[in-house]
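Observations on chain architecture
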Amino acid sequence: MKLELKVESGKLTGKLNDLRLDGTVSGDTFKCVATQESGDRFGTIEGHLQGAELTGMARRENGDNLTWVARKPSVLPTAAPQTRTFEPTQFHRFFSGTIPPALHINPGDTVRTWTVDAGGRDPHNKQRSNGGNPETGPFYVEGASPGDTLVVKFNRIRLNRDSAGSGDRIVGSALNPGYIESAKYDDKFDSEWKLDRDGGFATLAKPSEHLKNFRVKLQPMLGCVAVAPPDKQTFQAGWLGGWGGNMDFNGMREGTTVYLPVFQAGALLFVGDGHALQGDGELTGDALETSMDVEFTVNLIQGAGVPGPRAENDEYMMAMGIAGALPDALRAATTSLARWIEKDYHLTPNETAIVMGTSMRYDIAEVVDPQVNIVAKLPKSVLATLK
């Protein structure tokens with residue numbers, strides 16, 4: 001939320017998003033009444049200045065008491081944007097704010113780098129890390145503060161080797177018990193892949209009889225894009241949450257822009273888990289896992305944090321809902337997208353219902369990891385008709 005305050009002769013005026021504030025100041029403490037645009041009283045707000053932070057209590061008319069903290073927006077660097085080439089030598093299998101930054105960059109900078117595959121193998125198929133989605137980074141974005149939004153535009157996501165590996169069994173969480181009990185798997189089945197980068201397709205390296213002519217179109221993507229989680233939380237790189245992580249959304253391709261809430265100073269951006277191709281849900285627990293060349297540009301939206309990961313490309317606005325169950329994830333994704341278009345297109349809830357009710361699309365991005373990821377998306381061709 002955005003808090004603006006002005007003090008003259010002991011009187012305070014200001015705004016908190018759409019709320020009007022009127023009150024008094026005594027020393028480092030202020031008290032005010034918050035009024036909605038309709039003229040209805042929202043409640044009272046008290047605050048105290050401590051160093052570079054304001055902290056206090058908001059008491060709503062409905063009886064809710066809320067504690068709050070406000071910080072001045074960081075002053076962003078003024079240096080001209082640069083393109084930086086980063087050669088990783090260390091890879092991290094955790095998302096955490098305790099990991100030292102691998103590189104400091106400014107908003108507007110572009111980074112060219114590469115990732116190992118989920119098993120820790122590099123572009124030459126050499127083992128560089130233990131498995132478990134080792135990440136490249138983290139990248140410290142100067143000026144990024146909690147409450148901001150980190151904007152990451154993926155300019156290039158390209159294959160850098162001709163091999164990949166995948167799972168060969170559908171995960172049990174996506175199946176009925178009867179199928180699991182009756183399925184007779186071949187433990188010697190080979191699910192290694194050959195990647196034809198020039199032709200743009202993949203085939204099994206040693207196909208079984210029925211799959212000799214089976215080939216699929218390559219669609220390179222990143223399974224992991226994350227910022228550091230809040231506080232001192234640390235998650236294995238197979239996890240996902242409001243900070244991003246192992247989202248395994250196959251729309252995370254070249255040309256996609258990702259929006260992530262910032263929880264730590266510098267945001268601390270991680271990228272990894274390259275996939276040559278992945279179907280919805282990552283049903284085998286692995287996609288076509290491979291290493292990847294990556295180029296991205298970072299920017300910041302100060303003082304306007306998003307509730308969770310969002311993305312857009314030329315076709316869609318997309319909001320991700322990450323939760324422990326499909327219904328919860330669907331609700332989170334739908335709510336995030338509804339709030340996004342209401343803000344950007346100034347829609348009423350009724351207008352939002354009409355737009356989303358006629359044009360909504362859902363992708364089941366991830367069903368095999370500890371959390372489920374549902375993506376709600378709206379075509380930009382539909383949104384272009386709004387005034």
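Residues numbered from 1 in each chain as written. Predicted model: local features only at pLDDT ≥ 70, side-chain atom pairs only at ≥ 80, totals over all residues. Heavy atoms only, no water.

Concerning the packing of aromatic side chains
Scanning all chains against the criterion turns up 10 aromatic pairs. Aromatic pair Phe-91 and Trp-114: ring centres 5.7 Å apart, planes at 50°, arrangement tilted. Taken together, the residues Phe-91 in the loop between β8 (83-85) and β9 (94-96) and Trp-114 in strand β11 (residues 110-115) connect sequence positions 23 residues apart. Both residues of the pair, Phe-91 and Trp-114, count as buried. Plain terms: the ring middles of Phe-139 and Phe-296 are 5.4 Å apart, the flat faces sit at 70° to each other, and that makes the pair edge-to-face. Separated by 157 residues along the polypeptide, Phe-139 in strand β12 (residues 135-141) and Phe-296 in strand β24 (residues 292-301) bring together distant segments of the chain. Here Phe-139 matches Phe-296 in class, with each residue buried. An aromatic cluster is defined as three or more aromatic residues linked by ring pairs; in this entry it consists of Phe-95, Phe-235, Trp-239, Trp-243 and Phe-270. Its guanidinium or amino end placed over the ring of Phe-201, Arg-215 lies 3.9 Å from that ring's centre, counting from NZ or CZ. Looking at Lys-377, its charged tip hangs above the ring of Tyr-316, at a distance of 4.3 Å from the centre. (Phe/Tyr/Trp six-rings, centres within 6.5 Å; stacked < 30°, edge-to-face > 60°. Helix = DSSP H or I, 4+ residues; strand = E, 2+ residues; numbered from the N terminus. Buried < 20%, exposed > 50% of the residue type's maximum accessible area, 1.4 Å probe, protein only. Lys NZ or Arg CZ within 6 Å of the ring centre and 35° of its normal.)

Quick look at the side chain of Asp-248
Structurally, Asp-248 is set in the loop between β21 (244-245) and β22 (257-261). For Asp-248, which is buried and forms no salt bridge, the nearest opposite charge comes from Arg-253, at a distance of 12 Å. A polar contact of 3.4 Å, which involves the side chain of Asp-248, links it to the side chain of Asn-246. Contact partners of Asp-248, with chain neighbours within four places excluded, come to Met-221, Gly-223, Asp-273, His-275, Gln-278, Glu-282, Ala-365, Glu-366 and Asp-369. (Lys, Arg positive; Asp, Glu negative; His and termini not counted. Salt bridge = Lys/Arg side-chain N within 4 Å of Asp/Glu carboxyl O. Polar contact = N/O pair within 3.5 Å; in protein donor to acceptor, adjacent residues only side chain to side chain. Contact = heavy atoms within 4.5 Å.)

Some words on the sheet that holds β21
With mixed pairing, the 6 strands of this open sheet are ordered in space as β10-β12-β23-β18-β21-β20. Two strands bound the open sheet, and with one partner strand each, they are β10 (103-105) and β20 (240-241). Relative to β21, strand β18 (residues 221-226) runs antiparallel, the two sharing 2 bridges. Paired with Ala-226 across the bridge in β21 is Gly-244. (Pairing = 2+ DSSP bridges.)

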